[in-house]
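Structural overview
Residues per chain, in single letters:
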Protein chains: 2
Amino acid sequence: MYMTQALHRLLQQQPDSVAAVDVRETLTRRAFIDRVARIAGALRSAGLQPGDRVAMLARNSVDFYAYIFGTWWAGGVINPVNLRWNASEIAFSLEDCETHILIVESVFAHMIPSIREQAPCLSRVMVLGDVEDAGDAGDYRAWVAGADPVEDAVRRGDDLAAILYTGGTTGRPKGVMLSHNNLAASMLGSMLALRALERSQYLQTAPLFHIGGMSGMLAGLYTGATHVFLPAFDASAVLTAIDRHRIQELFLVPSMLRMVVDHPDFQSFDVRSVRRIRYGASPIDGGLMDRAIAAFPNAGFVQAYGMTELSPVATMLTEDDHGEAGRASGRLRSAGKAIPTAELRIVDPEGLEVPRGMVGEIAVRGPGVMLGYWNRPDATREAVRDGWMHTGDLGSMDADGYVTVVDRLKDMIITGGENVYSAEVETALSTHPAVGQAAVIAMPDEKWGERVHAVIVLRPGCSADPEALTAHCRATIAGFKVPRSYAFVDTLPLSGAGKVLKNILRDQCRAGN
Amino acid sequence: MYMTQALHRLLQQQPDSVAAVDVRETLTRRAFIDRVARIAGALRSAGLQPGDRVAMLARNSVDFYAYIFGTWWAGGVINPVNLRWNASEIAFSLEDCETHILIVESVFAHMIPSIREQAPCLSRVMVLGDVEDAGDAGDYRAWVAGADPVEDAVRRGDDLAAILYTGGTTGRPKGVMLSHNNLAASMLGSMLALRALERSQYLQTAPLFHIGGMSGMLAGLYTGATHVFLPAFDASAVLTAIDRHRIQELFLVPSMLRMVVDHPDFQSFDVRSVRRIRYGASPIDGGLMDRAIAAFPNAGFVQAYGMTELSPVATMLTEDDHGEAGRASGRLRSAGKAIPTAELRIVDPEGLEVPRGMVGEIAVRGPGVMLGYWNRPDATREAVRDGWMHTGDLGSMDADGYVTVVDRLKDMIITGGENVYSAEVETALSTHPAVGQAAVIAMPDEKWGERVHAVIVLRPGCSADPEALTAHCRATIAGFKVPRSYAFVDTLPLSGAGKVLKNILRDQCRAGN
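About the cut-offs
Going along each chain's sequence as written, the residues are numbered from 1 onward. The lettering of chains begins at A and the numbering of ligands begins at 1, in the order of writing. Local features in this predicted model are restricted to residues whose pLDDT is 70 or higher, and side-chain atom pairs enter the listing and the counts only when it is 80 or higher, whereas totals over whole chains, interfaces and linings include all residues. For this overlay, a least-squares fit was computed on C-alpha atoms, restricted to residues scoring pLDDT of at least 70 in both copies. Each residue is represented by a C-beta atom placed from its backbone, and any two residues with such atoms within 7 Å are regarded as in contact. Under the scheme used here, helices are H or I runs from DSSP no shorter than 4 residues and strands are E runs no shorter than 2 residues, and both carry numbers assigned from the N terminus. Amino acid classes used here: Ala, Val, Leu, Ile, Met, Phe, Trp, Tyr, Cys and Pro are nonpolar; Asp, Glu, Lys and Arg are charged; the rest, including Gly, are polar. Two strands are counted as paired when DSSP detects at least two bridges linking them. Fitted lines through C-alpha atoms give the axes, limited to the stretch in contact for helices. The angle between two N-to-C directions lies from 0 to 180 degrees. What counts as a domain boundary in this text is fixed by an automatic or database domain assignment. An expected span of 1.5 Å times one less than the residue number is assigned to each helix. Here a residue counts as buried when 20 or more other C-beta atoms fall within 10 Å of its C-beta, as exposed when 12 or fewer do, and as partly exposed in between; the C-beta atoms come from the backbone. By convention the nonpolar core is taken to be a set of buried residues drawn from Ala, Val, Leu, Ile, Met, Phe, Trp, Tyr and Cys and joined through C-beta atoms within 7 Å. Note on convention: near helix rotated counterclockwise from far helix by under a right angle means a left-handed crossing. Clockwise means right-handed. Note on terminology: angles under 35 degrees are roughly parallel, angles over 145 are roughly antiparallel, angles of 65 to 115 are roughly perpendicular, and the others are oblique.

Observations regarding the relation of the copies chain A and chain B
Each copy superposes on the other: chain A lies on chain B with an RMSD of 0.1 Å after a rotation of 180° and an axial shift of 0.0 Å. The two molecules are tied by a two-fold rotation axis, judged by turn and shift. In this assembly, 100% of the residues forming the interface of chain A have copies in chain B that are likewise at the interface, indicating an isologous arrangement.

Given below as structure tokens:
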């Protein structure tokens, strides 16, 4: 598979359908492929060779979407930049994989001097948007408009398609190398697991620089969706877009879903067009699910579990699993079953499968497993053993293959010799009415080795003290799992995927300990 | 992708569901994987090395299904034998790709001496079934039962999976080499095009030695189907199996569908369980479609077009296309649109795309295109140019990408400088009430270069003379397309896929000319 294939097919089958929409422009398939072919022409004229990396630092837009396919059309490899990084982190990722070309949205143009200084690999920086304050950086749109379209390079399936930096939560970021076949395997397996909607209106809220956003985009593309892009997540903008564009399909992490469903003006929007909501990063609790089902009467819900190294999907919890039976059996708390293009098992530290129901590390094998980490053969060997990607996630599997993720291996707390899964404690805390968000980490403890420490964001206008939270937890989880100490904060550090960055939280808490 | 992956996943997710049924046995997933692992053990103990070919000469059965996966599990390559071949043709294919191991169903055991004599590559021949008259050939089932199960070899996606001999209609058969990824691409693309049924009861009527049968089997497997095998097509047996096994999905070529729908005892069977009928090899005419819809009230219809070299699917006509709109627009006569894993275009002899609506050769690109013809680099280069498989089929494409196949390039007749597509003439003839089957070929002609010649099988109890058929054709097609000569026969030579073997027919007609 080569990811540009879908563009050729859709141009042939529905040339005048709308490929992409954002606040600035609306492009048909025909106009989109012309844009893509010109971007490729511009990149080639800049000396891009097959396999060369091209980076973009931008919010979601039609331009971002076109950059991805323009780079592939030219024969290049995308290396999109995480918007939450500072200039040093960005420069590290560019230098690490020797990226020569960087495109920067004008709202981030102030970072260019600092990035250039730390990333001498860059030979060309172009600015997308207002170029007045961009210094010597070129005007990206003018550059593309002036370029001649070129023919699709038609990459082979095992050619490198993307280098996506990850692992900032656990030390120096690593560049995950994904091939065209890797991305195809996850996309096709996911679609087979969940019955694709055809030619839907797809609202792209997750960032395209992240594999979650990219994966949803590819799945939508292959089924002929029209993509509607918002520059960033905002509950009000999401509701407006659903109403205005008759959105049928969207992807949200549970915290985003909560903000949408609980939006004070929800009732003033028409959301009856929504037929499917995909979510990821974590399960949805029953209370939120009830409200979401009531709020979106025509929608089915689908959960995906995975990671960048798996391109990304490993398991899916289908619409059927979200019904009454799924809730009664507790499967709504699971991440579903392995998709048809993935094999999954739960293993002990020696890599041997553990009995069903036991907790162990989740390992995944199949065509979605990354080619490796860029220039990190040791890290690759440690992660991928005998073809199995060791996810670093802890989970268990039931008799029918349903997988429940209990924690990151690194986030598990060992206190007095007992294993405590932070996610279980967080779930217990989050059912307290005053708790908005909870993150549970290990703190060094002289007596117990580690102790359970909870960092709490209270709901607006609510209050709760450690004694009340401890009493609440004692009612639902075992005594050794109950937090021994608490911190109350305004916000938690979050990753691009909306996950709590526990390494940063641990550093903060231990520094203040 | 590696084709054995589905077995691991289904064993994990539904170990006690029924994997396969035939007249002799019923196997759960667990029992099936045990069988497969033992076959692999037996093959390895016989010296099978990764990539070695294993052949089977047998009718459809659970044993055939297990042979395919046992060979893959061992790391080998399947080389199934076409049941319509004689011993010389079989020996040619075995010698051509140096197959050492052949498994023969006992009903074909009488062919073994002749095959062995002409295929010295064979080091081991085993008999499946009654071994009394099998001479020195071993007992396959006893051999497998006595073998130790081994671990799955876990082939890589680009490893060779199958060598399927084809092209007997046009000279010396060629071994089409298909990788695991080739088979996966067709299967996943098809499933994405047609919305998969989950865990259906799937009746396997098409022969497993043919890519059509194999492809349906793989698609069923990946969605967790139970496979019900019949040793050969028989309308009565099909109806009995549908009724008895509550069949939901089946594959038929139109001639088979006609026999099933027109079966005199049709009404005595309960066929309400059937939800989907796939067909291939040719479109279905409106009259048969009407009767089929009435006969199977709960079924949707799906057509696939492809060839062995494409693993095999290139286009699909979906259930929706079979509705009123599809019939009104004439799309029911088309083969549908390219599936999401294939790109298709209509090209002239120089390989350039022709305008929509014009007839040209159908060319296909994508991950389903074969690795090549075994040991035939020249034939491979001729067929696959710049990644495009030149199918040898003539067709046209409409504005929305729907493809209509008009003829095999080699079957087109050039008479007085005009192109005549044999399929169009055959369609005109087949609407005459006395015509059961019609095949139209070129005959050498001094005046016109070639002339249109029709070979007719009359319906039982009907009669028609050349004058009547000519008058009938003149009413629907242009004068130069109307047959100039006729032959009336009892049967037409057919391929394993139920297609008329026109090279044989041409030889017969020209010999008798």
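Back to the text.
Describing the interface of chain A and chain B
Listed as interface residues are 28 residues of chain A and, on the opposing side, 28 residues of chain B. It is helix α1 (residues 5-13) of chain A that contributes the most residues to the side of chain A that touches chain B, six residues altogether. Across the side of chain A that touches chain B, the residue classes break down as 12 nonpolar, 11 polar and five charged.

Examining the sheet that holds strand β16 (residues 337-338) of chain A
Residues and elements named next belong to chain A. If you walk across this open sheet you meet the nine strands as β2-β1-β11-β10-β12-β13-β14-β15-β16, and the pairing is mixed. Edge positions in the sheet fall to β2 (26-28) and β16, since each has one partner strand and no second. For strand β1 (residues 18-21) and strand β11 (residues 226-229), the ladder comprises two bridges, and the chain directions are parallel. Bridge pairing links Val21 to Val228 in β11. Sheet contacts for helix α8 (residues 211-222): β10 (201-204), β11, β12 (249-252), β13 (276-280) and β15 (313-317); angle to β10, the most-contacted strand, approximately 170°.

Focus: the domain arrangement of chain A
Residues and elements named next belong to chain A. Its domain assignment divides chain A into domain 1 (21-155), domain 2 (181-408) and domain 3 (412-511). On a C-alpha basis, the centroid separation for the pair domain 1 and domain 2 is 28 Å. Opposite the 15 residues of domain 1 that make contact, domain 2 presents 15 residues. Per-element tally for the side of domain 1 that touches domain 2: the top contributor is helix α3 (residues 62-74), with four residues. Here the residues of the side of domain 1 that touches domain 2 sort into nine nonpolar, three polar and three charged.

Comments concerning α3(A)
All names here are of chain A. Compared with an ideal rise of 1.5 Å per residue, which puts 13 residues at 18 Å, α3 spans 18 Å between its outermost C-alpha atoms and is within 8% of the ideal. Counting buried residues in α3 gives 13 out of 13 residues, a clear majority hidden from the surface. Once α3 finishes, Gly75 follows within two positions and takes phi at roughly 100°, a positive value.

Topic: the nonpolar core
Counting 292 residues, the largest nonpolar core has Val36(A), Val364(A), Val36(B) and Val364(B) as its most contacted members. For Val36(B), the contacting residues outside a window of four places in its chain are Leu7(B), Ala66(B), Phe69(B), Gly70(B) and Trp73(B).

What to know about the packing of α1(A) against helix α2 (residues 29-45) of chain A
Residue and element names in this part refer to chain A. Following both chains from N to C, one finds α1 and α2 inclined at 145°, their axes separated by 9 Å at the closest point. As α1 packs across α2, the resulting crossing turns out to be left-handed. Side by side, α1 and α2 meet where Leu7, Leu10 and Leu11 of the first sit next to Arg29, Arg30, Ile33 and Val36 of the second. A breakdown of the residues in the contact of α1 with α2 according to their chemical character gives five nonpolar, no polar and two charged.

A short note on the sheet that holds strand β12 (residues 249-252) of chain B
Residues and elements named next belong to chain B. Here we have nine strands laid out as an open sheet, ordered β2-β1-β11-β10-β12-β13-β14-β15-β16, and mixed in their pairing. Because the sheet does not close on itself, it has two edges, and the strands there are β2 (26-28) and β16 (337-338). Note: strand β10 (residues 201-204) against β12, two bridges, orientation parallel. Across the sheet, residue Leu203 finds its bridge partner in β12, namely Leu250. The strands touched by helix α7 (residues 180-194) within the sheet are β14 (300-306) and β15 (313-317), with β15 carrying the most contacts at an inclination of about 15°. Against the sheet, helix α9 (residues 235-245) contacts β1 (18-21), β10 and β11 (226-229), and its axis sits at roughly 165° relative to β10.

Section: the environment of Leu469(B)
Residues and elements named next belong to chain B. Tracing the backbone shows Leu469 in helix α15 (residues 466-474). Residue classification places Leu469 among the buried positions, given that 22 C-beta atoms sit within 10 Å. Separated by 14 residues in the primary sequence, Leu469 and Pro483 place their C-alpha atoms 8.7 Å from one another. If sequence neighbours within four positions are ignored, Leu469 has contacts with Leu429, His432, Ala464 and Tyr486.

Topic: unusual backbone geometry
Of note, the bond from Ser311(A) into Pro312(A) is cis; its omega dihedral lies within 30 degrees of zero at -5°. Of note, Pro312(A) is situated in the loop between β14 (300-306) and β15. The phi angle at Glu98(B) is positive, at roughly 55°, despite the residue not being glycine. With respect to the helices and strands, the residue Glu98(B) is situated in the loop between α4 (87-96) and β5 (101-105).

So, the packing of helix α10 (residues 254-261) of chain B against helix α11 (residues 286-295) of chain B
All names here are of chain B. Direction vectors running N to C along α10 and α11 enclose 55°, while the axes themselves pass 10 Å from each other. When the interaxial angle is binned, α10 and α11 end up oblique. Between α10 and α11 lies a crossing of left-handed hand. Contact with α10, carried on its side by Pro254, Leu257, Arg258 and Val261, involves Leu288, Arg291, Ala292 and Ala295 of α11 and no other residues of that element.

A look at the environment of Arg172(B)
Residue and element names in this part refer to chain B. Take Arg172: it is sitting in the loop between β8 (160-166) and β9 (174-179). Accessibility expressed as a C-beta count within 10 Å gives 11 for Arg172, which makes it exposed. As a C-alpha pair, Arg172 and Thr318 span 146 residues in sequence and 35 Å in three-dimensional space.

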